[in-house]
Amino acid sequence: MRRVVITGIGAVTPIGLSKEEFWRSLLEGKSGVSHITRFDTSGFSVRIAAEIKDFSPEKFFPPKRARRLDRYTQLAICASREAVEDSKIDLSKEDTEKIGVITGSGVGGIETWEEQHRKLLNGSPRFISPFFIPMMITNSASAEVSIEFGLKGPSFCVASACASSGHAIGEAYRMIKDGLVDVMITGGTEAAVTPLTVAGFANMRAISTRNDEPEKASRPFDKERDGFVLGEGAGILVLEEYERAIRRGKKPYCEITGFGMTSDAYHMTAPDPNGIAAAKAIKLALDEAGLETVDYINAHGTSTPLNDKIETMAVKLALGEKNARKVAISSTKSMIGHLLGAAGACELIACVLSMRDGIAHPTINLENPDPECDLDYVPNKARKIKIESSLSNSFGFGGHNSCIALKTIS
């Protein structure tokens with residue numbers, strides 16, 4: 001059975017435009033949540049989000065190319081460039097038919113969709129851009145990354161809401177493991193801080209209304225949590241067959257050893273209150289990895305009343321109560337908000353860097369722990385810890401559950 005390792009990482013997030021800047025900010029407990037600047041929030045009940053405020057497309061793309069890419073695709077390409085550079089793969093010497101791309105996104109090019117729809121309503125059909133469709137469709141990111149690097153292996157997108165990039169990475173892992181490809185560029189991307197998205201989530205009462213204290217709005221596992229905070233960003237990883245990476249002299253970050261996915265089959269937006277399907281996804285990843293427990297878990301940890309409580313329950317069911325209480329658990333969303341389809345990828349990157357440096361980043365704003373969320377969530381301050389194995393949980397609207405298991409290279 002072929003082993004699959006991570007050899008490259010790239011990240012563009014609300015708290016850093018590179019993986020190392022992202023990681024330093026996580027360790028410092030820096031919040032990326034503030035008042036929305038990308039549009040006028042007058043009349044909105046929610047006026048906060050985790051935006052990437054210092055991302056300028058013209059720094060990364062020629063003007064014409066930038067205009068023909070939705071923001072979510074721009075973020076994916078930039079993160080992919082960093083990941084490929086980090087992996088030190090010389091693509092000019094590779095069989096590009098054995099290298100593919102899978103990205104996850106929940107809503108794709110929604111910024112373009114909204115912009116073009118406004119033009120239609122305020123003008124006429126002739127004002128709609130001929131680039132509207134290729135910019136808006138959810139597979140645009142995976143296609144454009146393939147084009148960027150000339151990769152001719154499998155290329156497609158995964159759309160399973162907030163589990164999208166967890167599923168994308170899991171599928172990429174399996175394709176390498178099964179010998180279909182040798183290398184995959186995979187992860188997730190999202191740029192949904194838009195008027196329609198914010199209004200939609202606000203009206204379904206899913207996102208925090210803590211407009212007066214933006215940096216304290218995302219507070220996973222805290223008793224005072226009142227919803228998630230919408231974020232944007234991209235996380236991309238290069239996955240590679242282990243022996244191949246060693247032959248070319250690249251030291252992997254770690255090994256992916258298990259992947260589990262299930263469905264609640266319960267409700268379109270609410271998680272199953274018994275947590276059984278989520279626990280099963282975790283258990284499937286553990287079983288494939290040959291583990292009963294792990295040293296660290298990067299939680300889905302959304303800061304919503306239901307998710308945090310049920311994820312706590314699922315971890316206990318999967319690991320057993322005794323083991324669950326020994327595991328350090330962090331929520332990256334406490335600092336970057338909820339990146340929807342990109343959440344799982346950025347959180348897996350946090351897992352990988354935690355293992356590399358032997359430190360768990362904090363769950364910030366955990367000031368008044370919920371009695372029903374009674375595990376070790378590394379509150380407010382990073383903690384040195386030896387991490388040889390870890391899990392990354394991602395759960396999405398519709399009951400989509402995914403879990404990825406990692407081990408250090410032995």
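Everything quoted here is computed from the prediction, not taken from an experiment.

How each quantity is defined
Residues numbered from 1 in each chain as written. Predicted model: local features only at pLDDT ≥ 70, side-chain atom pairs only at ≥ 80, totals over all residues. Heavy atoms only, no water. Phe/Tyr/Trp six-rings, centres within 6.5 Å; stacked < 30°, edge-to-face > 60°. Helix = DSSP H or I, 4+ residues; strand = E, 2+ residues; numbered from the N terminus. Buried < 20%, exposed > 50% of the residue type's maximum accessible area, 1.4 Å probe, protein only. Lys NZ or Arg CZ within 6 Å of the ring centre and 35° of its normal. Salt bridge = Lys/Arg side-chain N within 4 Å of Asp/Glu carboxyl O. 1 Å grid on protein atoms, 1.4 Å probe; cavity = no way out; pocket = protein on both sides within 12 Å on 5 of 7 lines; lining within 4 Å. Points joined across faces, edges and corners; volume = space filled by probe spheres on them. Nonpolar A, V, L, I, M, F, W, Y, C, P; charged D, E, K, R; others polar. Core = buried A, V, L, I, M, F, W, Y, C linked by side-chain atoms within 4.5 Å. Pairing = 2+ DSSP bridges. Axes fitted to C-alpha atoms, helices over the stretch in contact; angles between N-to-C directions. Contact = heavy atoms within 4.5 Å. Expected span 1.5 Å × (residues − 1). Disulfide = S-S within 2.5 Å.

Enquirer: Hey, could you run me through the packing of aromatic side chains in this one?
Expert: Two aromatic rings are characterised by how far apart their centres lie and by the angle between their planes. Evaluated as defined, the whole model comprises five aromatic pairs. When the centroid spacing of 3.7 Å and the interplanar angle of 10° are considered together, the rings of F221 and Y377 count as stacked. Within this pair, whereas F221 is found in the loop between α8 (195-203) and β7 (233-241), its partner Y377 is found in the loop between β11 (359-360) and β12 (383-384), the two being separated by 156 residues in sequence. In this structure F221 comes out as buried when scored by relative accessible area, which is 0%. The exposure class of Y377 is buried, given its relative accessible area of 3%. Linked through ring pairs, F201, F228 and F397 together constitute an aromatic cluster. When the ring centre of Y242 is taken as origin, the NZ or CZ atom of R3, which lies over that ring, is 4.2 Å away.

Enquirer: Whenever I open this one, the pattern of salt bridges confuses me. Can you help?
Expert: It is possible for side chains bearing opposite charge to pair when their charged atoms get close. Applying the stated rule across the entire model yields 32 salt bridges. Between K177 and E288 there is a salt bridge, and its shortest N-O distance comes to 2.4 Å. Note that K177 is positioned in helix α7 (residues 164-177) and E288 in helix α10 (residues 276-289), a separation of 111 residues in sequence. The buried category is assigned to K177, whose relative accessible area is 17%.

Enquirer: Sorry, what's going on with the layout of surface pockets here?
Expert: Any empty space left between the atoms is revealed when a probe the size of a water molecule rolls over them. The volume enclosed by the largest pocket comes to roughly 500 Å³. Taken together, 35 residues form the lining of the largest pocket, with T269, P271, T304, N307 and F397 sitting closest to its centre. For the lining of the largest pocket, the secondary structure elements donating two or more residues are α10, α11 (305-319) and β13 (389-396). Ranked by residue count, the leading element in the lining of the largest pocket is α11, at five residues. Each residue belonging to the lining of the largest pocket can be placed in one class, and the counts come to 17 nonpolar, 13 polar and five charged.

Enquirer: Sorry, what's going on with the nonpolar core here?
Expert: Considering soluble globular proteins, one finds that nonpolar side chains tend to be buried as a cluster. The biggest cluster of nonpolar side chains holds 47 residues, and the ones touching the most others in it are I6, L239 and L406. Take this core: its biggest share by element is ten residues, from helix α14 (residues 343-357).

Enquirer: Sorry, what's going on with the sheet that holds β13 here?
Expert: Note on sheets: strands pair through backbone hydrogen bonds, and any given pair is parallel or antiparallel. If you walk across this open sheet you meet the ten strands as β5-β4-β6-β7-β1-β8-β14-β13-β9-β10, and the pairing is mixed. Every other strand in the sheet has two partners, leaving β5 (155-158) and β10 (328-330) as the edge strands with one partner each. Each adjacent strand pair in this sheet contributes to an overall mean axis angle of 25°, direction not counted. In the sheet, strand β4 (residues 99-104) pairs with strand β6 (residues 183-190) via six bridges, with the strands oriented parallel. Among the inter-strand pairings, G100 is bridged to a residue of β6, identified as M184. Against the sheet, helix α3 (residues 71-87) makes contact with β1 (4-12), β6 and β7, and its axis sits at roughly 135° relative to β1, the strand it touches most.

Enquirer: Teacher, can you tell me more about empty space enclosed by the protein here?
Expert: The final tally for this structure, using the stated rule, is one cavity of 30 Å³ or more. Considering only enclosed or pocket space, the largest cavity measures out at about 30 Å³ in volume. Listing elements by their share of the lining of the largest cavity, those giving two or more residues are α3 and β6. Looking at the lining of the largest cavity residue by residue, the classes come out as seven nonpolar, one polar and no charged.

Enquirer: What is the right way to look at the environment of S146 in this model?
Expert: In this structure, S146 sits in helix α6 (residues 140-149). Residue S146 is classed as buried on the basis of its relative accessible area of 8%. Spatially, the C-alpha atoms of S146 and I110 are 21 Å apart, while their sequence positions differ by 36 residues. Setting aside residues no more than four positions away along its own chain, S146 makes contact with V101, L151 and S155.

Enquirer: What exactly am I supposed to notice about α10 here?
Expert: Since the α-helix turns once every 3.6 residues, residues separated by three or four places project in the same direction. Here α10 is 14 residues long and its end C-alpha atoms lie 20 Å apart, about the 20 Å a rise of 1.5 Å per residue gives. Here α10 has its buried residues at A277, A278, A279, A281, I282, A285, L286 and A289. Lining the buried residues of α10 we find β8 (254-263), α11, β13 and β14 (400-407). With its phi angle positive at about 75°, G290 sits one or two positions after the end of α10.

Enquirer: Help me understand the state of the cysteines, please; the structure alone is not making it clear to me.
Expert: Here is the idea: a disulfide is a covalent bond, and it sits between the sulfur atoms of two cysteines. This structure, assessed with the given rule, holds zero disulfides. Here C157 stays unpaired: no disulfide links it, and the sulfur of C162, its closest cysteine neighbor, is 16 Å away. Lacking any disulfide linkage, C403 is separated from the closest cysteine sulfur, that of C351, by 8.9 Å. Of the residues examined, C403 reaches a relative accessible area of 0% and is grouped as buried.

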